[in-house]
Each structure stands twice: as C-alpha cells, then as structure tokens.
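# Residue-level structure breakdown
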Amino acid sequence: MPHDHEIKGVKTLGMHVRKAWKDANRSRPFSFYLLIAIIVVLLLGLQIVHVKENPRQFAFLLSLLFIFFFAVMVRAIVDFGDITRRHLAEREQVFRSTLGDDEFVSELGRRVTENREKL
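Residues numbered from 1 in each chain as written. Predicted model: local features only at pLDDT ≥ 70, side-chain atom pairs only at ≥ 80, totals over all residues. Heavy atoms only, no water.

Before going further, it helps to examine the environment of Leu 99. With respect to the helices, strands and loops of the structure, Leu 99 is situated in the loop between helix 3 (55-97) and helix 4 (102-118). With residues up to four places along the chain from it excluded, the contact list for Leu 99 reads Phe 104, Val 105 and Leu 108. (Helix = DSSP H or I, 4+ residues; strand = E, 2+ residues; numbered from the N terminus. Contact = heavy atoms within 4.5 Å.)

Attention shifts here to helix 3. Taking 1.5 Å as the rise per residue, helix 3 with 43 residues should run 63 Å; its terminal C-alpha atoms sit 63 Å apart, in good agreement. Along helix 3, the residues classified as buried are Leu 61, Val 72 and Asp 79. If you follow the buried residues of helix 3, they end up packed against helix 2 (30-45). Its side-chain oxygen at 3.2 Å from the backbone nitrogen of Arg 56, Asn 54 defines the N-terminal cap of helix 3. (Expected span 1.5 Å × (residues − 1). Buried < 20%, exposed > 50% of the residue type's maximum accessible area, 1.4 Å probe, protein only. Polar contact = N/O pair within 3.5 Å; in protein donor to acceptor, adjacent residues only side chain to side chain.)

Two aromatic rings, taken as a pair, are described by how far apart their centres are and by the angle between their planes. Following the criterion strictly, the structure yields one aromatic pair and no others. Aromatic side chains Phe 32 and Tyr 33 sit 5.4 Å apart centroid to centroid with 80 degrees between the ring planes, which places their arrangement in the edge-to-face category. (Phe/Tyr/Trp six-rings, centres within 6.5 Å; stacked < 30°, edge-to-face > 60°.)

So, on to the confidence of the model for the protein chain. Within the protein chain, residue pLDDT values average 85, and 94% of them lie at 70 or more. Within the protein chain, no element has a lower average pLDDT than helix 1 (residues 13-27), which sits at 84, and none a higher one than helix 3, at 90. (pLDDT = per-residue confidence, 0-100.)

The subject of this paragraph is the pattern of salt bridges. Taken as a whole, this structure holds seven salt bridges when the rule is applied. With its nearest N and O atoms 3.4 Å apart, the salt bridge here joins Glu 92 to Arg 96. Here Arg 96 and Glu 92 lie together in helix 3, a separation of four residues that amounts to about one turn. Taking the shortest distance from any N to any O, the salt bridge between Arg 110 and Glu 107 comes out at 2.4 Å. One end of the pair is Arg 110 and the other is Glu 107, both in helix 4 and three residues apart, which spans about a single turn. Glu 107 gets classed as partly exposed once you look at its relative accessible area, which sits at 28%. Each of Glu 107, Arg 110, Arg 111 and Glu 114 takes part in salt bridges that share partners, so that together they form one network. (Salt bridge = Lys/Arg side-chain N within 4 Å of Asp/Glu carboxyl O.)

Written as structure tokens, this is what we have:
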C-alpha cells in the first residue's frame with residue numbers, strides 16, 4: 001500500500017543552532033567583526049610593554065598597531081560613506097512618496113485650506 005504522505009526528516013537541535021548561527025552571521029555588518037578584532041589587537045598589543053631592551057621589536061609592534069589602526073579607519077570611512085549614501089537615497093525616496101507626489105500635495109493643500117476656513 002503506497003503512502004501519499006512521506007515523512008519529512010526531523011531537524012535536530014544542532015541543525016537549528018547551525019541555521020541560526022549562519023543567519024546571524026549573514027546579518028552582522030563588517031564593523032562588528034572589526035570591533036572584535038580591535039579588542040584582540042589591543043590585548044595582543046600589551047606585549048609592547050614587555051619590550052624594553054629591543055627597540056627594533058618595539059618599532060615592529062608599534063608599526064603593526066598603526067597599520068591595524070589605519071585599516072580600521074579606512075573601513076570606518078567607507079562605512080560612513082555607505083551609511084550616508086543609503087540615508088540620502090532613502091530620504092529622496094520618502095520625499096518622492098510624499099511631497100513629490102502630486103496627488104498627496106493636492107490633498108494636503110485641500111486639508112490645510114479646510115482647517116484654515118474652520119478657524
């Protein structure tokens with residue numbers, strides 16, 4: 001006797017956790033990972049305190065910290081540009097859907113005129 005209804009595979013807790021982890025990682029911005037990297041670099045940069053006798057090693061560690069700082073600043077500027085571009089595009093879209101729409105403006109003018117006449 002053939003069954004029309006096939007039993008679907010049961011998802012385990014691990015499968016749900018992996019799916020949630022992938023979804024969470026997909027939605028996180030790159031700056032989130034930079035914040036974690038900043039903490040790690042600062043902790044690793046504490047080694048610079050222990051380098052007193054070797055100026056070459058001190059300069060190397062300090063230059064690595066500056067290179068990382070430069071990379072973070074470049075990414076912050078790029079993020080700022082992306083946020084600004086997105087903000088301006090959404091602002092333009094809101095304007096077009098309200099005051100840029102002739103029907104909305106005429107309805108708004110009609111209501112303002114009605115309210116003035118009531119006063």
